[in-house]
Amino acid sequence: MVCLFLRKSFHFFLLISCVGCHSNTVSKAHLTYKTEPIEDQQVPITPTIYSPKNCLYKVSFPIQPEIIDGRALNSKNMHDETASVLIPSDNNCYLRAEFIIMDRIILNEKSKIKILKSFSFANGLSDVSIDSIKTKVGNCIELRGYRTFKDADGKSISVTYTADYYFGKNTVFGLSAGALSTIYPTTSISNFFNSIEFK
């Protein structure tokens, strides 16, 4: 069996560097792929509600995510927290939430889309679509893209990534997910994006 690891699929605080320094430079995040044999395993399904302090939203992970609390870009004026998990029981899909709080966000809609396009290009995503959409908790910007990797046998594997970003006055809450394109979206991915609610 092959396990797909998607690490830091949309490491959003790297995008915010464009806000803090008012530059057009976008740092490259790490869209990674790795295969390795794993044993069939049943991970207990224990839904976990994730909602960082000072965040307007909450989201449900199907199992306990790994939560990392840290300073984005080593900035005193910006703080980020991420929660992520790989779901072995659902085709090894990857789920991630990230919350960023800062002094201010001074981006208009056009600037946000421009940054996401640059981010997509820097990370080798193809056939990228970026749209403003309305969800049950309000407007967000949705990014969707694809990337092709080689497995251990040299076969091409296509991976689909999707991310929804909710911008507040001085906050950003992002949900992202990745899985093999042949099975995207998995049940866990659909449930994850649909689980967002206000606190």
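The shown structure was predicted, so the numbers you read here are calculated from the model rather than taken from an experiment.

Quick look at the confidence of the model for the protein chain now. Summarising the model, the protein chain shows a mean pLDDT of 78, and 73% of its residues fall at 70 or more. The least confident element of the protein chain, judged by mean pLDDT, is helix 1 (residues 13–20) at 36; the most confident is strand 2 (residues 57–61) at 97. Every residue in residues 1–41 scores below 50 in pLDDT, and together they form 122 contacts with partners more than four places removed in sequence or on other chains.

Before going further, it helps to examine the sheet that holds strand 7 (residues 138–150). Spatially, the 7 strands line up as an open sheet ordered 3-4-5-9-8-7-6, and their pairing is antiparallel. Edge positions in the open sheet fall to strand 3 (66–70) and strand 6 (126–135), since each of these has one partner strand only. In this sheet, adjacent strand axes meet at a mean angle of 15° when their direction is disregarded. Here strand 6 runs beside strand 7; their pairing, made up of 8 bridges, is antiparallel. By the bridge assignment for strand 7, isoleucine 130 is matched with leucine 143. Together, strand 6, strand 7 and strand 8 (156–167) form the strand contacts of helix 2 (residues 109–122), whose direction differs from that of strand 7 by roughly 10°. On the sheet, helix 3 (residues 187–194) packs against strand 4 (78–87), strand 5 (93–102), strand 8 and strand 9 (171–180) and is oriented at approximately 165° with respect to strand 9.

On to unusual backbone geometry, then. Between tyrosine 184 and proline 185 the backbone carries a cis peptide bond, its omega angle lying at -5°. Take proline 185: it is sitting in the loop between strand 9 and helix 3. Positive phi values are uncommon outside glycine, yet asparagine 54 reaches one of about 70°. Within the secondary structure layout, asparagine 54 lies in the loop between strand 1 (48–50) and strand 2. Although it is not a glycine, asparagine 91 adopts a positive phi angle of roughly 60°. Looking at the secondary structure, you find asparagine 91 in the loop between strand 4 and strand 5.

Scanning the entire structure with this criterion turns up 6 aromatic pairs. A centroid spacing of 5.4 Å and a plane angle of 25° characterise the contact between tyrosine 57 and phenylalanine 198, whose relative ring orientation is stacked. With a gap of 141 residues between them, tyrosine 57 in strand 2 and phenylalanine 198 in strand 10 (residues 197–198) connect regions that are remote in the sequence. Relative to phenylalanine 193, the ring of phenylalanine 192 lies with its centre 5.8 Å away and its plane at 65°, an arrangement referred to as edge-to-face. The pair formed by phenylalanine 192 and phenylalanine 193 is uniform in burial state, with each residue classed as buried. Joined through ring pairs, the aromatic side chains of Tyr50, Phe61, Phe192 and Phe193 make up one cluster.

So, on to the nonpolar core. Ranked by size, the top nonpolar core spans 25 residues in total, and within it Val59, Phe61, Leu95, Ala97, Phe173, Leu175 and Ile189 carry the most contacts. Listed by contribution, the elements that provide at least two residues to this core are strand 2, strand 4, strand 5, strand 9 and helix 3. Other than its neighbours up to four places away in sequence, phenylalanine 173 contacts Tyr50, Pro52, Cys55, Tyr57, Val59, Ala97, Glu98, Phe99, Asp164, Tyr165, Tyr166 and Ile196. In terms of nonpolar packing, the next biggest core, distinct from the first, is built from 12 residues, Phe149, Val159, Tyr161 and Ala163 among them.

Here aspartate 151 shows up in the loop between strand 7 and strand 8. Despite its burial, aspartate 151 pairs with no opposite charge; the closest candidate is lysine 155, at 5.2 Å N-O. From its side chain, aspartate 151 meets the backbone nitrogen of lysine 155 in a polar contact 2.8 Å long.

Thresholds applied
- Residues numbered from 1 in each chain as written.
- Predicted model: local features only at pLDDT ≥ 70, side-chain atom pairs only at ≥ 80, totals over all residues.
- Heavy atoms only, no water.
- pLDDT = per-residue confidence, 0-100.
- Helix = DSSP H or I, 4+ residues; strand = E, 2+ residues; numbered from the N terminus.
- Contact = heavy atoms within 4.5 Å.
- Pairing = 2+ DSSP bridges.
- Axes fitted to C-alpha atoms, helices over the stretch in contact; angles between N-to-C directions.
- Phe/Tyr/Trp six-rings, centres within 6.5 Å; stacked < 30°, edge-to-face > 60°.
- Buried < 20%, exposed > 50% of the residue type's maximum accessible area, 1.4 Å probe, protein only.
- Core = buried A, V, L, I, M, F, W, Y, C linked by side-chain atoms within 4.5 Å.
- Lys, Arg positive; Asp, Glu negative; His and termini not counted.
- Salt bridge = Lys/Arg side-chain N within 4 Å of Asp/Glu carboxyl O.
- Polar contact = N/O pair within 3.5 Å; in protein donor to acceptor, adjacent residues only side chain to side chain.

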